[in-house]
Amino acid sequence: MNIPSPLIPASSQARDLDQLFQVVLIISVAIFLVVAGLVIYNAFRYRQRPGDALPKQDHGNHRLEIAWTIVPLIIVTVMFLLSVRTMHLVDPLPLDRKPDIDIVAHQWWWEAHYPATGAVTANEIHIPAGKKLLFRITSADVVHDFWVPQLAQKIDAVPGQMNVAWISADRPGVYLGACAEYCGAEHAWMRVRVVAQPQAEFERWQQHQLRLPAAPTSEQASRGFHVFMNRPCSNCHRIAGTPAQGRIGPDLTHLGSRKTLAAGVLANNPGNLAAWVTVPQQYKPGSNMPNFQFDPQQLKDLIAYLKELK
Amino acid sequence: MMDKNRMAMLLFIASETIFFAMLVIAFAFFHSSAAAGGGEPFGVLHPLKTGFYSICLFSSSFSVWRAGIHLPANRRRGGFWLLATIVLGVVFLAGQGLEYRELLLQNITISRSLFGTTFFTLTGFHGLHVFIGLILLAILWVLAVFGRDGEPMPTATESVSLYWHFVDIVWVVIFAVVYLWANR
Amino acid sequence: MNPELQASAPPRSILTIPEYRGLLSWVSSVDHKQIGIMYLLGALFFFVFALTEALLIRAQLAVPENTLLSPELYNQIFTMHGTTMVFLVGMPLILGLSVYFTPLMIGARDMAFPRLNAFGFWVFLFGGFLLYFSFLAGSAPLAGWFAYAPLNEKAYLFNTGQDYWVIALLLTGAGTIATAINIIVTVFTLRAPGMTFQRLPLFVWMTMINAFLMLFAMPALNTALVMLFADRQLDALFFQTGQGGSALLWRHYFWFFGHPEVYILILPVFGIISEVIPVFSRKPIYGYGFLAGSTVAIAFLSFAVWAHHMFATGLGLPVYYVFAGASMLIAVPTGIKIFNWIATMWGGSIRFTTSMLFATAFLIQFTIGGLSGVAFAAVPIDWQLTDSYFVVAHFHYTLLGGMLFGIIAGIYYWYPKMTGRMLSEKWGRIHFWLMVVGFNGTFFVMHLMGLFGMPRRVFTYPADMPYLGSMNLLSSCSALVLVLSLLIFIGNLAVSLYRGEPAGDNPWEGWSLEWATASPPPPENFERVPRIRNRRPLWDRQHPDQPESPLEAGHGAGEVLS
């Protein structure tokens, strides 16, 4: 599996960021070795020995001071210029380009829209591999931060403000990320999954997202449909093509095709789904979804319906 | 070397300057962003009316200066000028109070709009500082009238005067920014 | 002091001075020495809480998806850990040593405003109590020690913990401003005859510059706090983003305070190091002028870098250039200091007392922290690593590895002066080595945790993220070693009060004025202040064959300054 590490870049921006890091790391290690080396050398060489005379009372040396002012100045100037270069590579101005993805951060999940097609999803964001995309991000409540280290820089999701950043993935795969700005109780479980797919597969996925879910096939699923519509579920959640048009919680139209639930807390399988729907507060205490009471048959029906929302 | 009380007061004033500067910046920031977006009810203030009360406050700087000249030698005259300063300060606060009342009657409160939020916070803290200044001046006055020979000591009068001038200068800035610049 | 009298008198200690006997003498004291000690004891008191909170954090994070602490409790604990360490441990340690030693080192009898000094202490103490009372009032604050908006608003955090946080910080902030004014006026007006600014001990110089930083930084925090309080209590709109308020305004205002604040925490420690290293190397401080001047440079620059905490907020490249440039620049005066301290050791005759051990570790550890800080000044690196455990590593290296190690060096150095007793060198060494191992074990690996994608301020992390589990476990186990070392230190402090060797006036053969009086100093500090002719007032007395020049060799020597 991919490790969400900036040291394992999987896009051109992440590579540029990593390169700068390597350079700064080498410079820093060199400086550290000099400093630590001198300190340790001093500690051993100039340790007081019995019979030591009073050392020369040296007060300073102007030339030396200037030297060790100028050299660090040069080093930081170099690092600054390298940074400026990388900043331009990683974060060029979007100019007139329209964003490819609109992300809205919520406590504690991610909402994603694709303006070109109108597709909507949550937490699991698909992108076409090999293309540089512009995404726009804001927040519906507090400040969050979108961080997928292998693919892009971090960028804050600030309420009342639109930020933009570039994202791309060299190769198809699943790339993990997380919210990186403390946003309340479940900040730790606001994880991001970016799924990069070959262009054709991505387009198929987008079309699939737009498709309305098929009517429930089995009787159990039909009953489940009614459970969903009659319980408060529809107050918060949306399922395209149904009376459920709530926009407070994640869009569930294609819930069945996602790999995880609740922004990464649980793997998406029927058992977990049943558990999540009944006692979400046990898995993500503080999240905005309250615990529910279902009688066992209702619960089975509901899960049967939700499973079909692929 | 400067008298220690005077130095302490100047340092305190330097610190308070930062505090007021940041409140003014917040006011100006929200005003420009709101004005750009439109829709904020600026333009509800009366610079002329408030100008009158401001002149009272500015005059009180003159009167506290006169008080400093006469104290502690001529405590009667000094006491008179202190009292004048206090009265002028009270008039200013009363004027502020009337202005607040008018705004509140128009439903402009600290929570209804960004103008209300920034205006009341900024002028409110200034008013609080004026009020504290009035207490300090009152203490000086009591010492001038009821105290011993040589009281209030020049170091005390000077320090309080510095504080009072500061409060005045802050009002100059607030008046210029809030009543003139932002009220266009 | 008459040596015969000294030999026959009972060992002088803080416990035997008649004026300091009894609780009332301490509670009502306006003596800077008692107030200084009370600050240190207050810091110690809150340190115990903050350490407990740290242990709870490390226990929760030791294994992935741990259920030891609920997210809500964890969030309160990490908020309180940060707030306590910065405001109720770091600040009082700095203020305590500053008010204790500034008057002594300039030959004064007390601070310029003794009652204001007491005010500063008590308001800090009660502010601290108020903050901790929040636990009993329903919930401690849980928005982090920096409480970003709009999370800090009533809409998201409606319990009163956040309000306690605001009021407690307003109180401690008021005390800090008062003490800052006090320090500046003291240094300006109460110096002994002959002690020009150029002859100030570097601890005093840096403490004084630090006081200016406090004077200008604390009001910024106060502004942000009153605006937040207005929002929470009066429904004002400063940070209510839904109604036109600005989340970023809080961040600008908080960090305009917050960045100078971290320099406030470290500058006096630079001063301590500048006192300790020369004495134990038996050489004068190298490059006095540059150390003093670089302090002023740092003070000015510290107000120009705040937005480096906001590189990921979308402020735009032009803004980032300015702050990145300033942040890179501020590394230079700090580097100058490190080189000067190393040069002080070079060619010296070094006694590795426990104090010197801590000062030496400071040099290496603070450099690590400084280098990771410079990495963050490179904006693109910040774009990956800010808000990750890499930054947690950075500030613990500077604050714990730097500030705390430096303060401890100062305590081992000055405990004899404050109490009249020596700390145990044997237990000091054990403390030192355990602390070096424990500290580095706990925090070095956090650099890697950040590089492996672990964000900060999280109450747990997924079990399927490779390496995070083992790294966190290593960190948590080392934390136990770190805490053990600190318990040994606290034990040493307590036991040495009664069993420590009597210290005498000048156990370390130091040269600054605090060593020219008894240990502990009598209430009036000095029976007689020697006339100051150079930077090391006691040097000539100790080395009559090698008198010190009026300023220093090669600089203004030959002038006879009155």
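Residues numbered from 1 in each chain as written. Chains lettered and ligands numbered in written order. Predicted model: local features only at pLDDT ≥ 70, side-chain atom pairs only at ≥ 80, totals over all residues.

K.L.:
A description of the overall build of chain A should follow, citing residues and the corresponding values.
P.N.:
From N to C terminus, chain A includes eight helices and 12 strands. C-alpha atoms of chain A, sized along the principal axes, occupy 95 × 50 × 35 Å. When each of the 310 residues of chain A is scored for burial, the buried share is 42%. In chain A, the proportion of contacts linking residues at least 24 apart, taken out of those at least 6 apart, comes to 64%. (Helix = DSSP H or I, 4+ residues; strand = E, 2+ residues; numbered from the N terminus. Buried ≥ 20, exposed ≤ 12 C-beta atoms within 10 Å, placed from the backbone. Contact = placed C-beta atoms within 7 Å.)

K.L.:
Which residues make up the overall build of chain B, and what are the values?
P.N.:
For chain B, the count of helices and strands is five helices and zero strands. By its C-alpha atoms, chain B is 60 × 35 × 25 Å across when sized along the principal axes. Here chain B holds 184 residues, and 39% of them are scored as buried. Taking contacts inside chain B between residues at least 6 apart in sequence as the whole, the part at least 24 apart equals 81%.

K.L.:
Break down unusual backbone geometry for me, citing the residues and quoting the values.
P.N.:
Each neighbour pair has its own omega, and for Leu71 of chain B with Pro72 of chain B the value is -10 degrees, a cis peptide bond. You can see Pro72 of chain B is positioned in the loop between α2 (47-70) and α3 (75-105). Across the junction of Ala149 of chain C and Pro150 of chain C, the peptide omega takes the value -5 degrees, indicating a cis bond. Take Pro150 of chain C: it is sitting in the loop between α5 (114-136) and α6 (161-189). In this structure, Asp235 of chain C takes a positive phi of about 60 degrees despite not being glycine. Among the structural elements, Asp235 of chain C can be located in the loop between α7 (202-234) and α8 (247-281).

K.L.:
How would you summarise the interface of chain C and chain A if you had to cite specific residues and measurements?
P.N.:
By a frequent convention, interface size equals the accessible area lost on bringing the separate parts together. Each partner contributes residues to the interface: chain C has 77 residues there, and chain A has 71 residues. Elements supplying a minimum of two residues to the side of chain C that touches chain A: α4 (71-106), α8, α9 (288-302), α10 (317-329), α11 (331-345), α12 (354-377) and α13 (379-385) of chain C. Here the side of chain C that touches chain A is built from residues that sort into 49 nonpolar, 21 polar and seven charged. (Nonpolar A, V, L, I, M, F, W, Y, C, P; charged D, E, K, R; others polar.)

K.L.:
Go over the sheet that holds strand β4 (residues 124-128) of chain A with me, naming the residues and quoting the values.
P.N.:
By way of backbone hydrogen bonds, the strands of a sheet pair with one another, either parallel or antiparallel. All names here are of chain A. Taken together, five strands build an open sheet; the order of strands is β4-β10-β9-β6-β7 and the sheet is mixed. The outermost strands of the open sheet, each flanked by one partner alone, are β4 and β7 (155-157). Adjacent strand axes in the sheet meet at a mean angle of 30 degrees, parallel and antiparallel pairs treated alike. With two bridges joining them, strand β6 (residues 144-147) and strand β9 (residues 173-179) adopt antiparallel strand pairing. For Trp147, the partnering residue across the bridge sits in β9 and is Ala178. Relative to the sheet, helix α3 (residues 199-210) contacts β4 and β10 (191-197), its axis offset from that of β4 by approximately 135 degrees. (Pairing = 2+ DSSP bridges. Axes fitted to C-alpha atoms, helices over the stretch in contact; angles between N-to-C directions.)

K.L.:
Just give me the short version of the interface of chain B and chain C, but keep the residues and values in it.
P.N.:
In this assembly, 21 residues from chain B lie in contact with 24 residues from chain C. Of all the secondary structure elements, the ones that give two or more residues to the side of chain B that touches chain C are α1 (4-37) and α4 (114-146) of chain B. Residue contributions to the side of chain B that touches chain C peak at 15 residues, all from α1 of chain B.

K.L.:
How would you explain the sheet that holds strand β5 (residues 133-139) of chain A if you had to name every residue and give the values?
P.N.:
Residues and elements named next belong to chain A. Strand order in this open sheet of five strands is β3-β2-β1-β5-β8, and the pairing throughout is mixed. Taken across any chain shown, the strands that pair with only one partner, and hence form the sheet edges, are β3 (119-122) and β8 (163-167). Across the sheet, the axes of successive neighbouring strands diverge by a mean angle of 25 degrees, strand direction being ignored. Summarising the sheet, strand β2 (residues 109-114) and β3 pair through four bridges and their orientation is antiparallel. Paired with Ala112 across the bridge in β3 is Thr121. Where α3 meets the sheet, it contacts β2 and β3, and its direction lies at approximately 90 degrees from that of β3.

K.L.:
Now, about the nonpolar core: what can you tell me, with residues and values included?
P.N.:
Counting 327 residues, the largest nonpolar core has Ile184, Leu213, Ala224, Ile273, Val276, Phe358 and Ala409 of chain C as its most contacted members. In terms of residue count, α7 of chain C provides more of this core than any other element does, 23 residues in total. In this structure, this core is formed jointly by two domains, domain 1 (1-46 + 62-196) and domain 2 (219-307) of chain A, each of which donates at least three residues. Residues within four places of Ile184 of chain C in sequence aside, it is in contact with Leu11 of chain B together with Met208, Ala211 and Phe212 of chain C. (Core = buried A, V, L, I, M, F, W, Y, C linked by C-beta atoms within 7 Å. Domains from an automatic or database assignment.)

K.L.:
Could you give an account of the pairing of β4 of chain A, with specific residues and numbers?
P.N.:
All names here are of chain A. With five of its five residues buried, β4 lies for the most part within the structure. Side chains Glu124, His126 and Pro128 of β4 all project onto a buried face; the interleaved residues Ile125 and Ile127 project onto the opposite face, where all are buried too. The sheet contact formed by β4 and β10 spans five bridges and is parallel. Each residue of the ladder has a partner; that of Ile125, found in β10, is Val194.

K.L.:
Quick one: what's the story with the environment of Trp433 of chain C, residue by residue and with numbers?
P.N.:
Residue and element names in this part refer to chain C. Looking at where Trp433 falls in the secondary structure, it is placed in helix α15 (residues 425-451). The partly exposed category is assigned to Trp433, around which 14 C-beta atoms lie within 10 Å. Sequence spacing of Trp433 and Ile277 is 156 residues, and the spatial spacing of their C-alpha atoms is 19 Å.

K.L.:
Help me get a handle on the domain arrangement of chain A, residues and values and all.
P.N.:
Residue and element names in this part refer to chain A. Here chain A is described as being made up of domain 1 (1-46 + 62-196) and domain 2 (219-307). If you average the C-alpha positions of domain 1 and of domain 2, the two centres end up 34 Å apart. Opposite the 16 residues of domain 1 that make contact, domain 2 presents 15 residues. Only β2, β3 and β10 provide two or more residues apiece to the side of domain 1 that touches domain 2. Counted by class, the side of domain 1 that touches domain 2 contains eight nonpolar, three polar and five charged residues.

K.L.:
Outline the arrangement of the chains, supporting the account with residue identities and numerical values.
P.N.:
Highest in contacts among the two pairs of chains that touch are chains A and C. Regarding chain A and chain B, which are not in contact, the minimum distance between any of their C-alpha atoms is 12 Å.

K.L.:
Kindly report on the environment of Val104 of chain A, identifying the contributing residues and their values.
P.N.:
Looking at the secondary structure, you find Val104 of chain A in strand β1 (residues 101-106). For the pair formed by Val104 of chain A and Ala157 of chain A, sequence separation is 53 residues and the distance between their alpha carbons is 7.5 Å.

K.L.:
So what about the packing of α5 of chain C against α6 of chain C? Which residues, and what values?
P.N.:
All names here are of chain C. Running from amino to carboxyl end, α5 crosses α6 at an angle of 165 degrees, the nearest separation of the two axes being 8 Å. In terms of their interaxial angle, α5 and α6 are classed as roughly antiparallel. Considering how the two elements wind past one another, α5 and α6 form a crossing that is left-handed. Class assignment for the residues of the contact of α5 with α6 results in 15 nonpolar, 10 polar and no charged. (Parallel < 35°, antiparallel > 145°, perpendicular 65-115°, else oblique. Left-handed = near helix turned anticlockwise from the far one by under 90°.)

K.L.:
Outline the pairing of β10 of chain A, listing residues and values.
P.N.:
As paired elements, β9 of chain A and β10 of chain A share six bridges and run antiparallel to each other. Residue pairing across strands places Gly173 of chain A opposite Ala196 of chain A, the latter belonging to β10 of chain A.

K.L.:
For α3 of chain B, give the residues involved together with the corresponding values.
P.N.:
Residues and elements named next belong to chain B. Helix length check: α3 (31 residues) gives 44 Å between terminal C-alpha atoms against 45 Å at 1.5 Å per residue, within 8%. Taken together, the buried positions of α3 are occupied by Arg75, Gly78, Gly79, Trp81, Leu82, Thr85, Ile86, Leu88, Gly89, Phe92, Gln96 and Leu103. Here the buried face of α3 lies against α2 and α4. Asn107 sits one or two positions beyond α3 and adopts a positive phi of about 65 degrees. (Expected span 1.5 Å × (residues − 1).)

K.L.:
Kindly report on the environment of Ala178 of chain A, identifying the contributing residues and their values.
P.N.:
Structurally, Ala178 of chain A is set in strand β9. Overall, Ala178 of chain A belongs to the buried group, with 28 C-beta atoms counted inside 10 Å. It is 23 Å that separates the C-alpha atoms of Ala178 of chain A and Val277 of chain A, two residues lying 99 residues apart in sequence. Aside from chain neighbours lying at most four places away, what touches Ala178 of chain A is Trp147, Met190, Arg191 and Val192 of chain A together with Gly453 and Pro455 of chain C.

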